[in-house]
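# Chains, contacts and geometry: an overview
Single-letter residue listing:
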Amino acid sequence: MTPDPPLLDVRDLRTYFLTDSGDVRAVDGISFSMSKGERLGVVGESGSGKSVTAASIMGLIEPPGSVVGGQIRFRGQDLLRLSEREMQKIRGREIAIIFQDPMTALDPVFTVGSQLTETLRIHRGMSRQEARTVAIDTLADVHIPSPEKRFKDYPHQFSGGMRQRVVIAMALLCDPALLIADEPTTALDVTSQAQVMDLMLGLADDRGTAVMLITHDLGVVAGFCENVQVMYAGEIIERGPAGQLYANPEHPYTRGLLESVPRLDDDSQTKLYSIRGVAPSMIQPPRGCRFWPRCDYATDKCVSERPRSCCGDSPKECACHFAGQFNLETDRAGV
Ligand code: SF4
């Protein structure tokens, strides 16, 4: 039996920001795919290219940014070839996005109810009454108390956690096949974070929605994603099934991210690891491995030769010359 084609298939995507100082290569030749209902965690520091990848998929890159190469196939159709009008039919209806700050997704001058019903009327052609019923049911699904009453409230009348629930309701209204959640809980307090994450992923599961969860925190994706890919300096540097990647990280950067997450089962009182240095300039990234100036294991080969990239054809990949060859516990040295 032939396997189902991927829901999303990104090939050699390049998104650059064309500035007076030079081209900022925010996303620089990444390839990956997602199947229906899959949960993929995309992890990396700020500036690694995670959010630009999301914006490229949604067709939300604005000048001076530009997708300069590659393909983004969604259900077999290359999104990069669609007009803005065609993209508007896909955005929100088939692919939805949740941003970090709920106020960027909600219009402060309209009630929550009118924003939800508007979405249903535009994307699903519902009558005003039908849309009202579905919107109130969806507010109830995301555990907004007294949904009929809150339907008439404005975004500023909700707490941060409740606002993000409204945004989740809005994102799931049209039953999208793919939900991109870009740091969806970073702006919330710790208690609300766990509740909102559970809620979002529970609802996505019920509906068979694939979820791309973007975060800087490997700890956040641990319990939620089947697969994880780690981005650094515009590239995917490691990917794999979550269990394998957490148990056996092969890239020193992934290892560093994991070591910097506090663990409840570790009472050793040792200082958390921090990756030295800062992310490189993406106008002129280092030759060779882009991580070498910060890597505790770098050799001369790393400075001069670029490691083979993760091209997306194998379930577990690592873009390091020495993947699996050294002991990350004991071999730290560096050039
Ligand atoms: Fe470190 Fe070299 Fe591997 Fe890059 S290729 S991660 S510099 S050991």
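Residues numbered from 1 in each chain as written. Predicted model: local features only at pLDDT ≥ 70, side-chain atom pairs only at ≥ 80, totals over all residues. Heavy atoms only, no water.

### Some details on the packing of aromatic side chains
Keep this limit in mind: Whether two aromatic rings pair depends on their centres lying within 6.5 Å, for rings of Phe, Tyr and Trp, where Trp uses its six-membered ring; planes under 30 degrees apart make the pair stacked, over 60 edge-to-face, and the rest tilted. Under the DSSP-based scheme used, a helix requires at least four consecutive residues in state H or I and a strand at least two consecutive residues in state E, with every element numbered from the N terminus. Three exposure classes are used, based on accessible area relative to the maximum for each residue type with a 1.4 Å probe and protein chains only: buried under 20%, partly exposed in between, and exposed over 50%.
This structure, assessed with the given rule, holds three aromatic pairs. On the numbers, 4.7 Å between centres and 55° between planes, the contact of Tyr 232 with Tyr 253 is tilted. Placement of Tyr 232 in strand β9 (residues 227–232) and of Tyr 253 in helix α11 (residues 252–259) is noted, with a sequence separation of 21 residues between them. For the pair Tyr 232 and Tyr 253, a shared accessibility class is recorded, and that class is buried. Relative to Phe 291, the ring of Tyr 232 has its centre 5.1 Å away and its plane inclined at 85°; by these criteria the two rings are edge-to-face. Of the two residues, Tyr 232 is situated in strand β9 and Phe 291 in the loop between α11 and α12 (300–304); the sequence distance between them amounts to 59 residues. Among the residues examined, Tyr 232 registers a relative accessible area of 3% and is labelled buried.

### What to know about the sheet that holds strand β3 (residues 39–43)
Strands pair in a sheet through their backbones, by hydrogen bonds, and they do so in one of two ways: parallel or antiparallel. Condition: A strand pair is defined by DSSP finding two or more bridges across the two strands. Whether two residues are in contact is decided by their heavy atoms: any pair within 4.5 Å suffices. Axis lines are fitted to C-alpha atoms, over the contacting stretch for helices. Their N-to-C directions set the angle, which ranges from 0 to 180 degrees.
Judged by pairing direction, the sheet is mixed, and its seven strands sit side by side in the order β6-β7-β8-β3-β9-β10-β11 without closing on themselves. Whereas interior strands pair on both sides, the edge strands pair on one side only; in this sheet they are β6 (95–98) and β11 (317–318). Both β3 and β9 contribute to a ladder of four bridges, which runs parallel. Considered in β9, the bridge of Leu 40 is made with Asn 227. Across the sheet, helix α7 (residues 160–172) is in contact with β6 and β7 (178–182); its angle to β6 comes to roughly 170°. Lying over the sheet, helix α8 (residues 190–207) contacts β3, β6, β7 and β8 (210–215), oriented at roughly 155° with respect to β8.

### Concerning the site of the ligand
Heads up, the rule is: One heavy atom within 4 Å of a molecule or strand makes the whole residue count as near it. Three residue categories are used. Nonpolar comprises Ala, Val, Leu, Ile, Met, Phe, Trp, Tyr, Cys and Pro, charged comprises Asp, Glu, Lys and Arg, and polar comprises the others, including Gly.
Taken together, 13 residues form the shell around the ligand, and within it Cys 289, Cys 295, Cys 302, Cys 320 and His 321 come nearest. Considering only residue class, the shell around the ligand consists of 11 nonpolar, two polar and no charged.

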